[in-house]
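# Descriptive analysis of the structure
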Amino acid sequence: TRQSVAQGESTTFTITPNAGHHIADVTIDRVSQGPISSYTFTSVRANHVIQAKFEPDKEASVIVLQIGKATFTVNGSPKTLDSSPIIKNGRTLVPIRAIIEALGGSVAWDATARKASVTLGGMTIELWIGKNAANVNGVSTPIDAANAKVVPEIISGRTMLPLRFVSESFG
């Protein structure tokens, strides 16, 4: 829709998605502004175009894991891990493959680099055995800023990753 603004005046536009959707991106005169919810044009002297792209909200999944148990549930559906979750250095480590695959993602293992690549919903997290930093969509990120001892490990032949870091990185 068109909206008129008197020359030299300012106006603010508020972008509101419908229920069940969120703002993915807003462009002003074909330049991305990111997922902003309002934009103010100041001292208007020419025509401008504001466009908003919306996406459906992700449906939340509920995952229930127990320390020492190889069974877990995703939205109430039972699944099995190849090794049970453990607590080490005050953090929960899990064999992530079954969990990520149950959510529709994938996990790749590079034995030479000793690196796990976890992909879900267009995001990728790369974690290296023994390293306390990971790459989240290519950006180096500390796994646990409060505890540098929290690192991916191989325990009993299984790659175990820090659950909190992985889950929070995926939102």
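This write-up is about the structure you can find in this document. Everything numeric here is computed off the predicted structure, so don't read it as measured data.

So, how was this worked out
- Residues numbered from 1 in each chain as written.
- Predicted model: local features only at pLDDT ≥ 70, side-chain atom pairs only at ≥ 80, totals over all residues.
- Heavy atoms only, no water.
- Helix = DSSP H or I, 4+ residues; strand = E, 2+ residues; numbered from the N terminus.
- Contact = heavy atoms within 4.5 Å.
- Pairing = 2+ DSSP bridges.
- Axes fitted to C-alpha atoms, helices over the stretch in contact; angles between N-to-C directions.

Let us now look at the environment of N147. Summarising the element assignment, N147 is placed in the loop between β15 (139–142) and β16 (153–155). Among all residues touching N147, those that are not within four sequence positions of it are N89 and R91.

The next subject is the sheet that holds strand β2 (residues 21–28). Strands sit in the order β3-β2-β5 across an open sheet of three strands; the sheet is antiparallel. Taken across any chain shown, the strands that pair with only one partner, and hence form the sheet edges, are β3 (31–34) and β5 (50–56). Taken over all neighbouring pairs, the strand axes of this sheet differ in orientation by 30° on average, direction set aside. Pairing of β2 with β5 involves seven bridges; the strand directions are antiparallel. Of the residues in β5, the one forming a bridge with I23 is F54.

Strand order in the open sheet made by the four strands is β9-β10-β17-β16, with antiparallel pairing throughout. What marks the edges here is a single partner per strand, and that holds for β9 (86–88) and β16. Neighbour-to-neighbour, the strand axes of this sheet turn through a mean angle of 45°, independent of strand direction. Taken together, the two bridges between strand β10 (residues 91–94) and strand β17 (residues 158–162) define a ladder with antiparallel strand orientation.

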